[in-house]
Amino acid sequence: MENNIILSIKNICKSFGGTQALDNVSLELNKGEIHALLGENGAGKSTLVKIISGVLSKDSGEIIFEGTLLNVKNPQQARTAGINVVYQELSLVPSLSVAENICASNERMNTFKIMKLSNLGDEVLNILSMFKIDLYMPVKNLGIGAQQIVEIAGAISRNCKLLIFDEPTATLTNYEIKELYKIMRVLKGNGVTIIYITHKLSEIFNVADRATVLKDGKYIATLNIADVDEKKIVELMLGRDLAEMYPLKSKRQREVVLEVSDYSGDGFQKISFKIHRGEILGFAGLAGAGRTELFTTIFGVQKPDSTEIYLFSEKLNVRKVKDAMQAGIGYLPEDRRQAGVFMQMNIKENTIAATIDDVSSTGIINKDKVFNNTVEMIHKLDIKINSIDDEMFSLSGGNQQKVVLARWLLASPKILIVDEPTRGIDVGAKFEIYQLLRKMANQGTAIVIISSELPEIFGMSDRVIAMYKGSIFAEVDCKDPEVEQKIGSGIMGITYTPMREEPIQ
Amino acid sequence: MKDSKNERRQKNVKSNNLLQTILRRREPILILFLIIIAIVLQIASGYKFLNPDNLLVMADRKAPEAIVTIGITYLLITKDFDLSVASVMALSGMVCAWLISQDISLILALICGIVAGSLIGFFNGLLVAKFKIASFIATLGTMYIARSITQIIARGKPISNMPEEFISIGTYTIFGIPWYFIFLIVVVTILQFLLKKQKTMSKLFYIGTNEKAAQMVGINTAKLRWIMFIVSAAIASFAGLILTAKSYSASPIAFEKLELKYIAACVIGGASVSGGQGSIIGSVLGFLLVVLIGNAMTLIGISPYWEGVVFGSVLGIAAIADALSQKRKSG
């Protein structure tokens, strides 16, 4: 058994500033297995992978790969050793052809910097033909799924012993996901070991042999997939404080605030739903399911094809963001850095950004109002700052997000849309944001929560809607005991039937 | 004021004190440089520089140009850029002069001059804010177009023989001080005061810092950027008219290449081509610094060929200062 182990990780520690990203993590991988690495955002999966692949250096601990101490200092060295990573963000050159991309990523095929396309190798050619990918097609003409396949083919071409998939399925279609499983099995048959990171638990039952759960940088357990069910894994991933993490849900059903019917636009079609006062409505779906497009359109960022929206039974005509805001809609954007924070402006200016007109009289901004409103929010949301005049870049991600949230609190919206409200922020701030959102709901605000983290959706929402390819696929009340299964399959475009999915042949 | 101070202490929230606020600004450094140059000039000129007559001559010549930097500053704040200002100045002067030569009333001719210049700004805004063309390219195009139209109207020759009432625009004084110098001081004071306090002007900073985020808080970014192009062109047209009157004639090659000097003055004054920064007073002081450096070199007797070296170096230093502060901010 001992010589069957390809990778052995012992007592790895890594910290960034004050946060311990990995705390004494140990793990062993068998040769030729598919090993799922599980955990919530911030559990340390990515950090661990980055250390194995040479992107980050470890603080302490050792990695033994194929019986020898592995000490890679950069991804290049890791590749040479036979460790490759396929990231969710692709690293292809869009204007080059498939073959050129594969060769360019492979030192072995470049002689005097001249690419030899004939050296691609059978394995690579097999995979590309399996997916009917034209070798000479420029990569930019391929779909995102096919691009991912090219990326994988590139890794395979480099004498790969350990292949790490970092959330490969997030951007793939159902068909492509099934094909990916096929590739993984082929690779496994060829003796390649695979580490598979995913947020979608149902996936691992289809492909993985074993799974390791990390939580808050600590090793929790390694399990044989055959011996466990999804529930057990979720419990391990979330730990015991699931009940404490998410606030109590509301019970009352109140009047309808917003009604959307047969609403279509760029990225979504024929959407109908209602949201009530004091309700938190979750929107689950994969990347590209059209959730963000739907709500940015409702918010007036893009133009819809139809305008069937009713706010308190009155037809709402939103032509620009300002109209939506005046109607009482707030929107916390998905990408904080790109669309939320004014990095080089100070905390005051950021806090009042959505209410500039309200704190002005005869066109002049009232300094005292700005100050008082900001201070009120800083206390209410417990935002950690040094000086109120500091620029936003001096704050941590969690505190920045709180400022953006404070901005919308000041606007006292009737409906607040929060898109990935806790992405990239620490657990403490997460907890506080959950409490705050529920408090707002209890005070009557209708809240729409869009999140790619299903536990967050289930933990926060009173009702959940699953979107798939631009349409609503399922709508489930959170009191339904099978809500997780129904939504979990809904986001994949599958109608839930209460039976375990058969593994794909 | 006392109330809010008490409140601050009560609520235990720190604000920056006056010193911290001053240290973050560009203007104090500029004033320091200006004082140093003024002293150098005073000594080099044998104590003739700082006398009212000399200063008045400078104010008379340069105040109309300083006005142009105001519009450019607004554009730099919203992360835009206008290369067409100098062409616009020439165009408005030429349109006005030509209409006067066609016996059209002075007031109407002046209005037409400003409208003609503002139209160029309108097209700049259309191209940049609406069609999302990079402002460098869009205004480079309109720079050539406006200059070419000026030459078409002029048929290649300057229009002179301006009537006395038009010339008086460039010579009218209040208590011996050129009216447009007083105008400059008043306007700069008001606009500087309003810059971060007036809600629409404060929105310009949001746009320049992060346009996407500005959109998401309900700021109509395209509209405001468009308006600022028109404002910048209108200001340039206004200055163009004064300068045309001052030179007694409208020349098709007037003000050529001055646009870059104005943009440089704004950057020296603390505005940044990466947006979200700049002040009206800073830009005017930056322009004053550029003017004084030229003046000082002449007085000290350095060959005018060296002016570009000195001017370019000052711009370089300002750009480095900006880059350093950007680096601090992204880190």
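Keep in mind the model is a prediction, meaning the values are calculated, not measured.

Of the regular secondary structure elements, chain A holds 18 helices and 24 strands. When the 505 residues of chain A are sorted by exposure, 56% land in the buried category. Contacts in chain A between residues at least 24 apart in sequence constitute 66% of all its contacts with a sequence separation of at least 6. Split by element, the accessible area of chain A, about 21,900 Å² in all, is 50% carbon and sulfur.

Another point: the interface of chain A and chain B. One frequent convention defines the size of an interface as the accessible area lost when the parts assemble. In this assembly, 44 residues from chain A lie in contact with 33 residues from chain B. For the pair chain A and chain B, the interface holds three salt bridges. Lys196 of chain B is paired through a salt bridge with Glu349 of chain A; the nearest N and O atoms lie 3.8 Å apart. At the junction of chain A with chain B, the criterion picks out seven residue pairs in polar contact (both at pLDDT 80 or more). Among the elements of the structure, α11 (321–326), α12 (336–340), α13 (347–351), β20 (364–365), α14 (367–380) and α15 (397–410) of chain A are those that each provide at least two residues to the side of chain A that touches chain B.

This next bit is on the nonpolar core. Phe273, Phe283, Leu294, Phe295 and Phe299 of chain A are the most contacted members of the largest nonpolar core, which totals 176 residues. Ranked by residues supplied to this core, first place goes to helix α5 (residues 85–101) of chain B with twelve residues. Filtering out sequence-adjacent residues up to four positions away, Leu294 of chain A remains in contact with Tyr263, Phe268, Ile271, Phe273, Phe283 and Met467 of chain A. By size, the runner-up hydrophobic cluster in this structure holds 64 residues, among which are Ala153, Ile177, Ala211 and Leu236 of chain A.

Residues and elements named next belong to chain A. If you trace the four strands from one edge of the open sheet to the other, you get β14-β13-β16-β17, paired in antiparallel fashion. Looking at which strands have only one partner, the edges of the open sheet turn out to be β14 (268–276) and β17 (314–315). Strand direction decides the pairing type here: strand β13 (residues 256–265) and strand β16 (residues 309–311), joined by three bridges, are antiparallel. The partner of Leu258 across the bridge, within β16, is Leu311. Against the sheet, helix α10 (residues 291–298) makes contact with β13, β14 and β16, and its axis sits at roughly 70° relative to β14, the strand it touches most.

With that out of the way, let us pick up the side chain of Ser264 of chain A. Residue and element names in this part refer to chain A. Of note, Ser264 is situated in strand β13. Among the polar contacts listed, one links the side chain of Ser264 to the backbone nitrogen of Lys270, at a separation of 2.9 Å. Among residues more than four places away in sequence, those in contact with Ser264 are Gln269, Lys270, Pro304, Asp305 and Ser306.

Thresholds, definitions, all that
Residues numbered from 1 in each chain as written. Chains lettered and ligands numbered in written order. Predicted model: local features only at pLDDT ≥ 70, side-chain atom pairs only at ≥ 80, totals over all residues. Heavy atoms only, no water. Helix = DSSP H or I, 4+ residues; strand = E, 2+ residues; numbered from the N terminus. Buried < 20%, exposed > 50% of the residue type's maximum accessible area, 1.4 Å probe, protein only. Contact = heavy atoms within 4.5 Å. Areas by Shrake-Rupley, 256 points an atom, 1.4 Å probe, with all protein chains shown as cover. Salt bridge = Lys/Arg side-chain N within 4 Å of Asp/Glu carboxyl O. Polar contact = N/O pair within 3.5 Å; in protein donor to acceptor, adjacent residues only side chain to side chain. Core = buried A, V, L, I, M, F, W, Y, C linked by side-chain atoms within 4.5 Å. Pairing = 2+ DSSP bridges. Axes fitted to C-alpha atoms, helices over the stretch in contact; angles between N-to-C directions.

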